[in-house]
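# Coordinates in review
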Amino acid sequence: MTGSSDTSRGDSRFSPSGGDRPPEGAVEDGEVSRAAKSGFEGWLVSKPRARRFASRHSVPHHVVEWILSRFRAEGTSGSEAARRARELLSERLAEAEDIELLKMEASSEGSVKVIDKVEGAFDGGRGEPVLSFSELGLGKVPVDKEIAEENPRLLKGGFYANVELSYVGDSDSSSPFRAADLRPLAPSGTDLLERLSAGRKHFSDAAWLYFLVRSVGLAAPSEKVGPRTVALALLRLVPLVQKRYSLVELGPRGTGKSYLYEDLTPHAYVLQSGTASKAQLFVHAGTGEAGLVAEYDAVCFDEVTTTSAEVGEIVSGLKGYLSSGASRRGKEEVRGRASVVIFGNIDRPVGEVLEEDGHLFAPLPEALGEDTAVMDRISAFLPGWEVPKLGPKCYASGLALPSDVLAECLKELRERNYVPEIRRRLTLKGNLTGRDRTAVWQTISGLVKLIHPSPGGVPPEEVADEVLRWAAWLGLEMRLRVRAQQHRLQPDEFEEGEFGFQCGEGGKTVAVRLPEE
């Protein structure tokens, strides 16, 4: 990390000048711990312990944290919860090589219990839902309609679950098993966001940010990670709280670009190859089956700089989808709400990229990196070259929210619109186009949602001026970076961006600049 924005000043305020500095400095760990225990008793999990568990077992962090927090909620100590979690995973975590042993055990005992990621589909021929098991490789395992109805997410991408498999042997079933019982390894209840909002009231703005970044596995500003890194980490969460948000991040390997979406939430899908077919992404022209944009809250293209021809095939579909939320193939149309996140790797200094390639989209495949119409649909360009490589000094310590609880609350926040309230106190200035304004308001709204999560929105007077200035700066900076590359590519069509904002009627107009410019 470089730049003055990462120099600690030892205070706990937002930058009064309207810069990108979140609350930092003088927040003490004891203050955060006391607020956490007061606001979230029974929810908290030890992040270091969860990290150690996740490194030993082939399941995402959100699954490990759910198991640990469940045992802690039952009143056990941290060490006892760890022992019970270790025992549960050792006994039930599915492995592909165990399938024949499971069949034999189930045939002898009548049933067997396993932990695996399950995904449901409705078998029209049999007239009943069936399950597929990720690690075991089992498919078309019948399950009672009542179980599927109680767990609607089974048919919307699936989840990790504790499943009891009954052995049915040589029946007319398509599988020797039937799912007799199913318990999701995920938080339940309809009041998660209400509880998060109530717990948030125990924190100052600065302490809440400290706690929030710790809940996604990062150290906090007063520890080893600078405030600029924290701001960029929170921007990575915006696609999870805003519908059809589009984020591009280019940076070195090892900075955790995809970690958040792979390990901390079950509501995102990461395309490891960096691309997908139109049928997989949008809609299958023959069957009409909806694709990933209709099933998940975020679809992430990882390492897209390593792909080329395949990306060109889906760019036209992406342009239409990011504009309207709809995509058509033949007679079939699908409407989705998923955000689109594009990650790419660059190993050169940003100044060198600008000097040699002319613009920052150049490392992407030509279909993405040279099309200004695609760029115009990007909500934010996150400067991943500013994010340090993740290492032990960047990892969270202490108690925090389980990531699966946070993920469910972020999902619910997608249904809330904070923009009307924010606009009463914040005015965007400069030569922003309509798409610029839409993108900036999306980012600002997402950041304010993170600082003030609430099921009913947030009264404008509850949001500090410093929070609004911080969110406005980041929203404008991330979109200005897009506009700057458009201007570099087509200066006759896209004038140089002059972006700024005013907080309050008598507030000073703040001009936003790009660090790399």
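Our structure's up above, just so we're on the same page.
For clarity, every value in this text was computed on a predicted model and none was experimentally measured.

### Some points on helix H7 (residues 192–200)
Leu 192, Leu 193, Leu 196, Ser 197, Gly 199 and Arg 200 are the residues of H7 that are buried. All buried residues of H7 fall inside an arc of 165 degrees around its axis, so they share one side. Residues of H7 that are buried make contact with helix H1 (29–39), helix H8 (205–215), helix H18 (403–413) and helix H20 (434–451).

### Describing the pattern of salt bridges
In a structure, side chains of opposite charge can pair up when their charged atoms sit close to one another. Going through the model one piece at a time under the given rule, you end up with 30 salt bridges. Note that Glu 415 is salt-bridged to Arg 337, the shortest N-O span being 2.9 Å. Of this pair, Glu 415 sits in the loop between H18 and helix H19 (419–423) while Arg 337 is found in the loop between strand S11 (332–335) and strand S12 (339–345), placing the two residues 78 residues apart along the sequence. A salt bridge links Glu 516 to Arg 481; the shortest N-O distance between them is 2.6 Å. Of this pair, Glu 516 sits in the segment after strand S17 (509–511) while Arg 481 is found in helix H21 (residues 465–489), placing the two residues 35 residues apart along the sequence. Take Glu 516: its relative accessible area is 17%, and that puts it in the buried class. Overlapping salt bridges bring together Arg 228, Glu 386, Glu 477, Arg 481 and Glu 516 as one network.

### Here's the deal with the sheet that holds strand S9 (residues 298–301)
Across the sheet, five strands lie side by side as S8-S9-S12-S7-S13; this open sheet has parallel pairing. With one partner strand each, in any of the chains shown, strand S8 (268–271) and strand S13 (380–383) form the two edges of the open sheet. Here the strands of the sheet are splayed against their neighbours by 20 degrees on average, with no regard to which way each runs. Here strand S7 (residues 246–251) runs beside S12; their pairing, made up of six bridges, is parallel. Looking at the pairing, Glu 249 lines up with Phe 343 of S12.

The rules behind the values
Residues numbered from 1 in each chain as written. Predicted model: local features only at pLDDT ≥ 70, side-chain atom pairs only at ≥ 80, totals over all residues. Heavy atoms only, no water. Buried < 20%, exposed > 50% of the residue type's maximum accessible area, 1.4 Å probe, protein only. Helix = DSSP H or I, 4+ residues; strand = E, 2+ residues; numbered from the N terminus. Arc of directions from axis to C-beta. Contact = heavy atoms within 4.5 Å. Salt bridge = Lys/Arg side-chain N within 4 Å of Asp/Glu carboxyl O. Pairing = 2+ DSSP bridges. Axes fitted to C-alpha atoms, helices over the stretch in contact; angles between N-to-C directions.

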